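Coordinates in review
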Amino acid sequence: MLRSRFTLEATPATVRAARRRIAATVRSWGVPLSEEQRVRLELVASELLTNGLLHAGGQLDVDVVLDEHLLVVEVSDGNPSLPRRRRAGPDAEGGRGLTVLDGLCLLRGAEATETGKRCFAVLDLNTPVRHEKAAPPDALVAGDAGHARWSLTPAGGRLLGALLPAPERPTRSWPS
């Protein structure tokens with residue numbers, strides 16, 4: 001497993017530099033990123049970093065981990081509020097970040113920490129960029145749409161299905 005950690009002060013210029021630094025770090029580990037993979041990685045990093053810039057400011061801690069073919073990009077900030085899915089109007093400048101991440105990543109998530117929150121995204125570097133439709137936002141977490149801690153893309157579901165045994169399905173008769 002390879003890991004790179006760094007801290008930056010959240011500004012538009014450092015967000016631009018950090019997304020390039022993340023891609024350069026992955027390439028320095030000998031990962032042959034195609035142009036499509038590099039763009040996808042930089043978009044994911046940009047979404048995570050920009051979220052920290054806009055909603056927390058201050059210091060951002062970045063952690064990049066490569067484990068086999070899975071790349072995890074984490075950004076921690078000082079704001080404990082977890083990202084929420086919003087419906088963005090056609091002219092809105094924001095509100096699409098989680099949808100963008102859902103389309104680019106194997107899975108993504110966020111969790112509260114003692115000092116704020118940690119947002120992360122997992123990319124599968126062995127899989128070509130998919131062009132399948134992600135699950136609709138309301139289907140991600142039943143009864144809690146817009147407040148989902150985790151999002152699982154179809155490719156992520158297949159990966160988890162391969163890694164975890166299927167639960168036994170209880171048989172039950174319901175009274176009519």
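In what follows, the accompanying structure is described. (Residues numbered from 1 in each chain as written. Predicted model: local features only at pLDDT ≥ 70, side-chain atom pairs only at ≥ 80, totals over all residues. Heavy atoms only, no water.)

What follows concerns the nonpolar core. Counting residues in each nonpolar core, the largest one holds 31 residues, and the members touching the most others are I22, L41 and L49. Residue assignment for this core shows that the elements contributing at least two residues are β1 (2-9), α1 (12-28), α2 (35-55), β2 (59-67), β3 (70-77), α3 (97-104) and β5 (116-124). Apart from residues lying up to four places away in sequence, L49 is in contact with L8, V15, A18, R19, I22, L60, V62 and V75. (Core = buried A, V, L, I, M, F, W, Y, C linked by side-chain atoms within 4.5 Å. Buried < 20%, exposed > 50% of the residue type's maximum accessible area, 1.4 Å probe, protein only. Helix = DSSP H or I, 4+ residues; strand = E, 2+ residues; numbered from the N terminus. Contact = heavy atoms within 4.5 Å.)

Right, let's get into the environment of R5. Position of R5 relative to the elements: it lies in strand β1. The exposure class assigned to R5 is exposed, which follows from its relative accessible area of 58%. For R5 and V62, which are 57 residues apart along the polypeptide, the C-alpha to C-alpha distance reads 5.6 Å. Excluding residues that lie within four positions of it along the chain, R5 makes contacts with V62 and D63. In this structure the side chain of R5 is engaged in a polar contact, spanning 3.4 Å, whose partner is the side chain of D63. (Polar contact = N/O pair within 3.5 Å; in protein donor to acceptor, adjacent residues only side chain to side chain.)

Glancing now at the packing of aromatic side chains. Counted under the stated rule, the structure contains zero aromatic pairs. Seen from the ring of F6, R21 lies directly overhead, with NZ or CZ sitting 3.9 Å from the centre. (Phe/Tyr/Trp six-rings, centres within 6.5 Å; stacked < 30°, edge-to-face > 60°. Lys NZ or Arg CZ within 6 Å of the ring centre and 35° of its normal.)

Further remarks concern the pattern of salt bridges. Tallied over the entire structure, the rule returns eight salt bridges. As a salt-bridge pair, E74 and R118 come within 2.6 Å of each other at their nearest N and O atoms. Here E74 is found in strand β3, whereas its partner R118 is found in strand β5, with 44 residues between them in sequence. With respect to class, E74 is no different from R118; both count as buried. Each of R3, R5 and D63 takes part in one network of salt bridges that share partners. (Salt bridge = Lys/Arg side-chain N within 4 Å of Asp/Glu carboxyl O.)

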